[in-house]
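For reference, the chains in residue letters:
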Amino acid sequence: MRAVLITAPGGPSVLQPGEVPDPVAGPGELVIDVVAAGLNRADVLQRRGAYPSPAGWPEWPGLEVSGIVSEVGVGAEGVPDGSGFGGAGGFGGAGGAGFAVGDRVCALLGGGGYAERVAVPAAQVLPVPDEVDLVDAAGLPEVVATVWANVFLLAGLRAGETLLVHGGSSGIGTMAVQLGRAFGARVAVTARSAEKLEACRELGADILIDYTTSDFAERIRAEGGADVILDVVGADYLERNIDALATNGRIVTIANLAGGPAAIDLGALMAKRGTLSATSLRARPAKEKAAIIASVRENVWPLVENGTVRPVVAARFPLAEAGEAQRLLEGSTHIGKILLTV
Ligand SMILES: NC(=O)c1ccc[n+]([C@@H]2O[C@H](COP(=O)([O-])OP(=O)(O)OC[C@H]3O[C@@H](n4cnc5c(N)ncnc54)[C@H](OP(=O)(O)O)[C@@H]3O)[C@@H](O)[C@H]2O)c1
(Lines give C-alpha, C1' and ligand atoms only; values in the text may rest on other atoms or scores of the structure.)
Protein backbone atom coordinates (compact mmCIF):
# COMPACT_ATOMS: atom_id res chain seq x y z
CA MET A 1 0.00 0.00 0.00
CA ARG A 2 0.97 3.65 -0.27
CA ALA A 3 2.00 5.68 2.79
CA VAL A 4 3.64 9.07 3.28
CA LEU A 5 7.10 8.44 4.70
CA ILE A 6 9.55 10.70 6.52
CA THR A 7 12.57 10.24 4.25
CA ALA A 8 14.89 12.16 6.64
CA PRO A 9 14.29 14.52 9.56
CA GLY A 10 13.58 18.01 8.19
CA GLY A 11 11.12 20.37 6.52
CA PRO A 12 7.84 19.55 4.76
CA SER A 13 9.60 18.31 1.60
CA VAL A 14 10.97 15.24 3.43
CA LEU A 15 7.42 13.82 3.40
CA GLN A 16 7.26 11.58 0.33
CA PRO A 17 4.89 8.84 -0.81
CA GLY A 18 6.32 5.31 -0.68
CA GLU A 19 5.31 1.65 -0.71
CA VAL A 20 4.97 -0.24 2.60
CA PRO A 21 3.51 -3.65 3.53
CA ASP A 22 -0.25 -3.88 4.07
CA PRO A 23 -1.28 -4.10 7.75
CA VAL A 24 -2.97 -7.21 9.14
CA ALA A 25 -5.59 -7.16 11.92
CA GLY A 26 -4.14 -8.71 15.09
CA PRO A 27 -6.29 -9.93 17.99
CA GLY A 28 -8.70 -7.21 19.05
CA GLU A 29 -7.80 -5.05 16.04
CA LEU A 30 -9.52 -3.72 12.96
CA VAL A 31 -7.96 -2.81 9.64
CA ILE A 32 -9.38 0.43 8.28
CA ASP A 33 -9.23 1.41 4.60
CA VAL A 34 -8.39 5.06 5.15
CA VAL A 35 -10.59 7.71 3.55
CA ALA A 36 -8.95 10.65 5.32
CA ALA A 37 -6.32 11.39 7.97
CA GLY A 38 -6.24 14.34 10.37
CA LEU A 39 -3.10 16.48 10.77
CA ASN A 40 -1.67 17.23 14.20
CA ARG A 41 1.25 19.30 15.48
CA ALA A 42 2.76 16.06 16.77
CA ASP A 43 3.17 15.01 13.11
CA VAL A 44 5.35 18.08 12.53
CA LEU A 45 7.55 17.23 15.52
CA GLN A 46 7.77 13.67 14.22
CA ARG A 47 8.80 14.94 10.76
CA ARG A 48 11.59 16.95 12.37
CA GLY A 49 12.84 13.80 14.10
CA ALA A 50 11.77 14.76 17.62
CA TYR A 51 8.72 12.59 18.29
CA PRO A 52 8.86 9.04 16.89
CA SER A 53 5.82 6.75 16.83
CA PRO A 54 5.41 4.75 20.06
CA ALA A 55 6.42 1.06 19.97
CA GLY A 56 4.03 -1.12 18.02
CA TRP A 57 2.85 1.61 15.63
CA PRO A 58 4.01 2.30 12.05
CA GLU A 59 6.91 4.72 11.77
CA TRP A 60 5.06 7.06 9.38
CA PRO A 61 2.94 9.85 10.92
CA GLY A 62 -0.79 10.15 11.46
CA LEU A 63 -2.66 10.11 14.78
CA GLU A 64 -6.22 9.80 13.48
CA VAL A 65 -8.15 8.56 10.48
CA SER A 66 -11.60 7.94 9.13
CA GLY A 67 -12.52 5.18 6.73
CA ILE A 68 -14.17 1.82 6.17
CA VAL A 69 -13.48 -1.35 8.17
CA SER A 70 -11.95 -3.94 5.79
CA GLU A 71 -10.81 -6.62 8.26
CA VAL A 72 -11.90 -7.62 11.78
CA GLY A 73 -9.42 -9.40 14.07
CA VAL A 74 -10.29 -12.08 16.59
CA GLY A 75 -12.11 -10.50 19.56
CA ALA A 76 -12.77 -7.21 17.77
CA GLU A 77 -16.31 -8.13 16.76
CA GLY A 78 -17.29 -6.55 20.08
CA VAL A 79 -18.23 -8.77 22.99
CA PRO A 80 -20.26 -6.42 25.20
CA ASP A 81 -18.33 -5.87 28.41
CA GLY A 82 -19.45 -2.31 29.04
CA SER A 83 -16.23 -1.34 30.79
CA GLY A 84 -14.48 0.26 27.87
CA PHE A 85 -11.29 -1.45 28.98
CA GLY A 86 -11.36 -4.17 26.34
CA GLY A 87 -13.40 -7.07 25.19
CA ALA A 88 -13.15 -10.82 25.43
CA GLY A 89 -9.78 -12.34 26.21
CA GLY A 90 -8.31 -9.04 27.31
CA PHE A 91 -7.49 -8.15 23.73
CA GLY A 92 -8.81 -4.63 23.97
CA GLY A 93 -12.01 -5.30 22.10
CA ALA A 94 -14.62 -2.79 21.13
CA GLY A 95 -16.00 -2.19 24.60
CA GLY A 96 -19.35 -3.54 23.56
CA ALA A 97 -19.30 -1.57 20.36
CA GLY A 98 -19.10 -4.33 17.78
CA PHE A 99 -17.58 -3.63 14.37
CA ALA A 100 -18.03 -5.40 11.05
CA VAL A 101 -16.48 -5.16 7.59
CA GLY A 102 -17.99 -2.20 5.75
CA ASP A 103 -18.61 -0.03 8.83
CA ARG A 104 -17.91 3.71 8.61
CA VAL A 105 -15.50 4.54 11.43
CA CYS A 106 -12.91 6.96 12.77
CA ALA A 107 -10.00 6.03 15.02
CA LEU A 108 -7.34 7.29 17.37
CA LEU A 109 -3.86 6.01 16.46
CA GLY A 110 -0.34 6.08 17.87
CA GLY A 111 0.97 6.64 14.33
CA GLY A 112 0.52 5.38 10.78
CA GLY A 113 -2.50 7.40 9.65
CA TYR A 114 -0.82 8.91 6.56
CA ALA A 115 -1.49 5.73 4.59
CA GLU A 116 -4.06 3.81 2.58
CA ARG A 117 -4.69 1.31 5.41
CA VAL A 118 -4.03 1.06 9.13
CA ALA A 119 -4.52 -1.55 11.87
CA VAL A 120 -5.87 -0.24 15.20
CA PRO A 121 -7.25 -1.71 18.45
CA ALA A 122 -11.04 -1.76 18.11
CA ALA A 123 -11.26 -0.04 21.49
CA GLN A 124 -9.79 3.09 19.86
CA VAL A 125 -12.42 3.17 17.10
CA LEU A 126 -15.70 5.07 16.97
CA PRO A 127 -18.59 4.65 14.52
CA VAL A 128 -19.18 7.58 12.15
CA PRO A 129 -22.85 8.58 12.26
CA ASP A 130 -24.66 8.78 8.90
CA GLU A 131 -25.12 12.52 9.41
CA VAL A 132 -21.34 13.18 9.52
CA ASP A 133 -19.27 13.40 6.34
CA LEU A 134 -16.78 10.51 6.38
CA VAL A 135 -13.83 12.68 5.32
CA ASP A 136 -14.58 15.35 7.94
CA ALA A 137 -14.81 12.61 10.61
CA ALA A 138 -11.01 12.20 10.38
CA GLY A 139 -10.80 15.48 12.27
CA LEU A 140 -12.73 14.20 15.29
CA PRO A 141 -10.84 11.52 17.27
CA GLU A 142 -7.78 13.44 18.47
CA VAL A 143 -9.58 16.65 19.41
CA VAL A 144 -12.62 15.00 20.96
CA ALA A 145 -10.50 12.58 23.02
CA THR A 146 -8.08 15.31 24.14
CA VAL A 147 -10.72 17.85 25.10
CA TRP A 148 -12.95 15.28 26.83
CA ALA A 149 -10.03 13.73 28.76
CA ASN A 150 -8.63 17.05 29.94
CA VAL A 151 -11.45 19.55 30.28
CA PHE A 152 -14.12 17.14 31.50
CA LEU A 153 -12.60 13.93 32.95
CA LEU A 154 -9.54 15.61 34.51
CA ALA A 155 -10.62 19.19 35.22
CA GLY A 156 -14.28 18.32 35.78
CA LEU A 157 -15.81 21.34 34.00
CA ARG A 158 -19.40 21.85 35.18
CA ALA A 159 -22.39 23.73 33.79
CA GLY A 160 -22.30 27.40 34.79
CA GLU A 161 -18.51 27.48 35.10
CA THR A 162 -16.21 29.57 32.91
CA LEU A 163 -13.86 27.77 30.51
CA LEU A 164 -10.94 29.70 28.97
CA VAL A 165 -9.61 28.14 25.76
CA HIS A 166 -6.26 29.38 24.46
CA GLY A 167 -5.92 29.02 20.68
CA GLY A 168 -9.72 29.00 20.40
CA SER A 169 -9.67 28.69 16.60
CA SER A 170 -7.28 25.72 16.52
CA GLY A 171 -8.34 22.14 15.92
CA ILE A 172 -8.41 21.55 19.66
CA GLY A 173 -9.92 24.96 20.36
CA THR A 174 -12.86 24.61 17.97
CA MET A 175 -13.84 21.36 19.72
CA ALA A 176 -13.28 22.76 23.22
CA VAL A 177 -15.56 25.73 22.46
CA GLN A 178 -18.33 23.48 21.15
CA LEU A 179 -18.13 20.99 24.02
CA GLY A 180 -17.85 23.70 26.67
CA ARG A 181 -20.94 25.35 25.26
CA ALA A 182 -22.83 22.06 24.85
CA PHE A 183 -22.27 21.20 28.52
CA GLY A 184 -23.48 24.59 29.74
CA ALA A 185 -20.22 26.43 30.46
CA ARG A 186 -19.51 30.06 29.65
CA VAL A 187 -16.68 29.91 27.11
CA ALA A 188 -13.87 32.46 26.69
CA VAL A 189 -11.25 32.18 23.94
CA THR A 190 -7.98 33.79 22.97
CA ALA A 191 -6.84 34.09 19.36
CA ARG A 192 -4.68 36.40 17.30
CA SER A 193 -7.17 37.89 14.80
CA ALA A 194 -10.72 39.17 14.39
CA GLU A 195 -11.41 36.44 11.81
CA LYS A 196 -10.38 33.68 14.22
CA LEU A 197 -12.37 35.21 17.06
CA GLU A 198 -15.46 35.52 14.86
CA ALA A 199 -15.20 31.78 14.03
CA CYS A 200 -15.09 31.07 17.78
CA ARG A 201 -18.14 33.24 18.35
CA GLU A 202 -20.06 31.32 15.68
CA LEU A 203 -19.15 28.07 17.46
CA GLY A 204 -20.57 29.39 20.74
CA ALA A 205 -17.80 31.34 22.51
CA ASP A 206 -19.11 34.11 24.77
CA ILE A 207 -15.93 36.06 25.56
CA LEU A 208 -13.53 36.87 22.70
CA ILE A 209 -9.99 38.05 23.51
CA ASP A 210 -7.44 39.13 20.91
CA TYR A 211 -4.26 38.35 22.83
CA THR A 212 -2.20 40.60 20.55
CA THR A 213 -4.06 43.70 21.71
CA SER A 214 -5.28 42.93 25.23
CA ASP A 215 -4.17 41.15 28.40
CA PHE A 216 -6.26 37.99 28.68
CA ALA A 217 -5.72 37.66 32.44
CA GLU A 218 -7.09 41.15 33.04
CA ARG A 219 -10.12 40.47 30.82
CA ILE A 220 -10.91 37.14 32.48
CA ARG A 221 -10.46 38.53 36.01
CA ALA A 222 -13.00 41.23 35.13
CA GLU A 223 -15.40 38.38 34.22
CA GLY A 224 -14.89 36.65 37.60
CA GLY A 225 -11.98 34.41 36.63
CA ALA A 226 -11.76 31.09 34.78
CA ASP A 227 -12.74 27.84 36.48
CA VAL A 228 -10.92 25.80 33.86
CA ILE A 229 -8.16 26.91 31.47
CA LEU A 230 -7.18 24.71 28.52
CA ASP A 231 -3.65 25.81 27.66
CA VAL A 232 -1.44 25.11 24.63
CA VAL A 233 0.99 28.00 25.08
CA GLY A 234 2.93 26.86 28.17
CA ALA A 235 5.68 28.78 29.95
CA ASP A 236 4.81 32.20 28.52
CA TYR A 237 1.27 31.98 29.90
CA LEU A 238 1.80 30.19 33.21
CA GLU A 239 1.92 33.24 35.46
CA ARG A 240 -0.99 34.94 33.67
CA ASN A 241 -3.00 31.69 33.68
CA ILE A 242 -2.70 31.50 37.47
CA ASP A 243 -3.63 35.17 37.62
CA ALA A 244 -6.73 34.47 35.49
CA LEU A 245 -7.94 31.53 37.63
CA ALA A 246 -11.05 31.73 39.78
CA THR A 247 -10.86 30.24 43.29
CA ASN A 248 -10.61 26.43 42.96
CA GLY A 249 -9.67 26.85 39.29
CA ARG A 250 -7.98 24.16 37.24
CA ILE A 251 -5.33 24.67 34.52
CA VAL A 252 -4.94 21.79 32.09
CA THR A 253 -1.83 22.07 29.92
CA ILE A 254 -1.69 20.01 26.72
CA ALA A 255 1.11 21.76 24.82
CA ASN A 256 3.97 24.20 25.28
CA LEU A 257 4.01 26.03 21.96
CA ALA A 258 5.80 28.99 23.58
CA GLY A 259 8.14 27.13 25.93
CA GLY A 260 8.25 24.37 28.53
CA PRO A 261 10.58 25.43 31.37
CA ALA A 262 8.86 27.93 33.68
CA ALA A 263 9.08 29.21 37.24
CA ILE A 264 5.87 28.93 39.20
CA ASP A 265 4.68 31.09 42.09
CA LEU A 266 3.24 28.41 44.37
CA GLY A 267 1.94 31.12 46.70
CA ALA A 268 -0.22 32.54 43.92
CA LEU A 269 -1.52 29.06 43.03
CA MET A 270 -2.24 28.28 46.70
CA ALA A 271 -4.11 31.56 47.13
CA LYS A 272 -6.45 30.37 44.36
CA ARG A 273 -6.50 26.81 45.76
CA GLY A 274 -5.67 26.07 42.13
CA THR A 275 -4.65 22.92 40.29
CA LEU A 276 -2.10 22.67 37.49
CA SER A 277 -1.98 19.50 35.42
CA ALA A 278 -0.32 18.46 32.17
CA THR A 279 -1.06 15.43 30.02
CA SER A 280 -0.21 13.80 26.72
CA LEU A 281 -2.67 11.53 24.93
CA ARG A 282 -0.28 9.78 22.55
CA ALA A 283 1.92 8.38 25.33
CA ARG A 284 -0.96 6.81 27.27
CA PRO A 285 -1.19 3.01 27.35
CA ALA A 286 -3.86 1.38 25.15
CA LYS A 287 -6.06 0.66 28.19
CA GLU A 288 -6.28 4.37 29.06
CA LYS A 289 -6.99 5.33 25.46
CA ALA A 290 -9.72 2.69 25.39
CA ALA A 291 -11.27 4.11 28.55
CA ILE A 292 -11.22 7.65 27.10
CA ILE A 293 -12.78 6.48 23.83
CA ALA A 294 -15.47 4.56 25.72
CA SER A 295 -16.27 7.67 27.76
CA VAL A 296 -16.30 9.79 24.58
CA ARG A 297 -18.70 7.35 22.97
CA GLU A 298 -21.04 7.48 25.92
CA ASN A 299 -20.93 11.21 26.65
CA VAL A 300 -19.88 13.07 23.51
CA TRP A 301 -20.99 10.88 20.62
CA PRO A 302 -24.70 11.59 21.11
CA LEU A 303 -23.83 15.26 20.52
CA VAL A 304 -21.98 14.37 17.33
CA GLU A 305 -24.92 12.24 16.21
CA ASN A 306 -27.45 15.04 16.74
CA GLY A 307 -25.22 17.70 15.17
CA THR A 308 -24.63 19.76 18.34
CA VAL A 309 -20.90 19.14 17.93
CA ARG A 310 -19.26 18.93 14.51
CA PRO A 311 -15.81 18.68 13.01
CA VAL A 312 -14.56 22.10 11.87
CA VAL A 313 -12.45 21.60 8.75
CA ALA A 314 -10.10 24.28 7.40
CA ALA A 315 -8.70 22.44 4.36
CA ARG A 316 -8.34 19.10 2.59
CA PHE A 317 -5.22 17.99 0.71
CA PRO A 318 -4.54 14.78 -1.25
CA LEU A 319 -2.38 12.34 0.74
CA ALA A 320 0.61 12.89 -1.55
CA GLU A 321 0.56 16.61 -0.66
CA ALA A 322 1.12 16.00 3.07
CA GLY A 323 4.11 18.36 3.01
CA GLU A 324 1.97 21.26 1.73
CA ALA A 325 -0.68 20.43 4.32
CA GLN A 326 1.87 20.53 7.16
CA ARG A 327 3.20 23.84 5.81
CA LEU A 328 -0.30 25.29 6.23
CA LEU A 329 -0.54 23.85 9.77
CA GLU A 330 2.78 25.39 10.77
CA GLY A 331 1.75 28.78 9.33
CA SER A 332 -1.16 28.80 11.82
CA THR A 333 -3.57 30.75 9.62
CA HIS A 334 -6.10 27.89 9.57
CA ILE A 335 -9.31 27.60 11.58
CA GLY A 336 -10.10 24.05 12.71
CA LYS A 337 -8.58 20.85 11.31
CA ILE A 338 -6.49 20.16 8.21
CA LEU A 339 -7.14 16.78 6.54
CA LEU A 340 -5.43 14.50 4.02
CA THR A 341 -7.70 12.55 1.66
CA VAL A 342 -6.84 9.12 0.29
N1 LIG B 1 -1.33 16.75 25.14
C2 LIG B 1 -2.15 16.18 24.28
O3 LIG B 1 -2.67 15.09 24.54
C4 LIG B 1 -2.46 16.84 22.97
C5 LIG B 1 -3.39 16.28 22.10
C6 LIG B 1 -3.68 16.96 20.91
C7 LIG B 1 -3.05 18.16 20.62
N8 LIG B 1 -2.12 18.64 21.49
C9 LIG B 1 -1.41 19.90 21.23
O10 LIG B 1 -2.33 20.95 21.34
C11 LIG B 1 -1.91 22.03 20.51
C12 LIG B 1 -3.08 22.45 19.66
O13 LIG B 1 -3.34 21.41 18.75
P14 LIG B 1 -4.15 21.71 17.43
O15 LIG B 1 -4.26 20.47 16.67
O16 LIG B 1 -5.39 22.43 17.78
O17 LIG B 1 -3.13 22.69 16.68
P18 LIG B 1 -3.38 23.91 15.71
O19 LIG B 1 -4.70 23.77 15.04
O20 LIG B 1 -2.19 24.02 14.87
O21 LIG B 1 -3.49 25.17 16.66
C22 LIG B 1 -2.44 25.71 17.39
C23 LIG B 1 -2.96 27.02 17.96
O24 LIG B 1 -2.05 27.51 18.90
C25 LIG B 1 -2.08 28.92 18.91
N26 LIG B 1 -0.74 29.41 19.17
C27 LIG B 1 0.39 28.98 18.62
N28 LIG B 1 1.46 29.63 19.15
C29 LIG B 1 0.95 30.48 20.04
C30 LIG B 1 1.54 31.43 20.92
N31 LIG B 1 2.85 31.63 20.98
N32 LIG B 1 0.74 32.14 21.72
C33 LIG B 1 -0.60 31.93 21.69
N34 LIG B 1 -1.21 31.05 20.88
C35 LIG B 1 -0.44 30.33 20.06
C36 LIG B 1 -2.55 29.34 17.52
O37 LIG B 1 -3.56 30.29 17.67
P38 LIG B 1 -3.34 31.81 17.20
O39 LIG B 1 -3.10 31.79 15.72
O40 LIG B 1 -4.58 32.48 17.58
O41 LIG B 1 -2.12 32.29 17.94
C42 LIG B 1 -3.15 28.09 16.92
O43 LIG B 1 -4.53 28.25 16.68
C44 LIG B 1 -0.73 21.51 19.67
O45 LIG B 1 0.47 21.98 20.21
C46 LIG B 1 -0.84 20.02 19.82
O47 LIG B 1 0.40 19.36 19.70
C48 LIG B 1 -1.83 18.01 22.65
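Residues numbered from 1 in each chain as written. Predicted model: local features only at pLDDT ≥ 70, side-chain atom pairs only at ≥ 80, totals over all residues. Heavy atoms only, no water.

S.K.: Before we go on, may I ask you to explain the overall build of the protein chain in this structure?
M.R.: For the protein chain, the helix and strand inventory stands at 10 helices and 15 strands. For the protein chain, the spread of C-alpha atoms along the three principal axes comes to 55 × 45 × 35 Å. A total of 342 residues make up the protein chain; the buried ones form 54% of that total. When contacts within the protein chain are restricted to residue pairs at least 6 apart in sequence, long-range pairs at least 24 apart make up 70% of them. Per element, the accessible surface of the protein chain, about 13400 Å² overall, is 53% carbon and sulfur. Put simply, the protein chain has 27 plus and 38 minus side-chain charges, and the middle of one group is 5 Å from the middle of the other. (Helix = DSSP H or I, 4+ residues; strand = E, 2+ residues; numbered from the N terminus. Buried < 20%, exposed > 50% of the residue type's maximum accessible area, 1.4 Å probe, protein only. Contact = heavy atoms within 4.5 Å. Areas by Shrake-Rupley, 256 points an atom, 1.4 Å probe, with all protein chains shown as cover. Lys, Arg positive; Asp, Glu negative; His and termini not counted. Charge placed at Lys NZ, Arg CZ, Asp CG, Glu CD.)

S.K.: Honestly, the packing of helix α2 (residues 141–154) against helix α3 (residues 171–182) in this entry has me stumped. Any pointers?
M.R.: For any two helices packed against each other, one specifies the crossing angle of their axes together with the interaxial distance. At a closest axis distance of 9 Å, the pairing of α2 and α3 adopts a crossing angle of 55 degrees. If you check the angle between α2 and α3, you find them oblique. In the packing of α2 onto α3, the handedness of the crossing is right-handed. Judged by residue contacts, Val 143, Val 144, Thr 146, Val 147 and Phe 152 of α2 engage Gly 171, Ile 172, Met 175, Ala 176, Leu 179 and Gly 180 from α3. Within the contact of α2 with α3, the residues separate by chemical class into eight nonpolar, three polar and no charged. (Axes fitted to C-alpha atoms, helices over the stretch in contact; angles between N-to-C directions. Parallel < 35°, antiparallel > 145°, perpendicular 65-115°, else oblique. Left-handed = near helix turned anticlockwise from the far one by under 90°. Nonpolar A, V, L, I, M, F, W, Y, C, P; charged D, E, K, R; others polar.)

S.K.: What am I meant to see in the sheet that holds strand β8 (residues 162–166) here?
M.R.: Strand pairing in a sheet relies on backbone hydrogen bonds. The paired strands run either parallel or antiparallel. The strand order across the open sheet formed by six strands is β10-β9-β8-β11-β12-β13, and the pairing between neighbours is parallel. Across the chains shown, the open sheet's two edge strands, defined by having one partner strand only, are β10 (207–210) and β13 (275–278). Recorded for the sheet is a direction-independent mean angle of 15 degrees between the axes of neighbouring strands. Bridging between β8 and strand β11 (residues 226–231) involves three bridges; their strand directions are parallel. Residue Val 165 lies in a different strand from β11, and its bridge partner there is Leu 230. Docked against the sheet, α2 engages β8, β11, β12 (245–253) and β13, running at close to 160 degrees with respect to β11. (Pairing = 2+ DSSP bridges.)

S.K.: Got a minute to help me understand the domain arrangement of the protein chain in this structure?
M.R.: Accessible area lost during the coming together of the parts is what is often quoted as the interface size. For the protein chain, the assigned domains are domain 1 (2–140 + 282–341) and domain 2 (143–278). Look at where the C-alpha atoms of domain 1 and domain 2 centre, and you get two points 26 Å apart. At the interface, 24 residues of domain 1 touch 21 residues of domain 2. Surface buried jointly by domain 1 and domain 2 totals about 1700 Å² across both partners, of which 69% is contributed by carbon and sulfur atoms. (Domains from an automatic or database assignment. Buried area = accessible area lost by both parts, 1.4 Å probe.)

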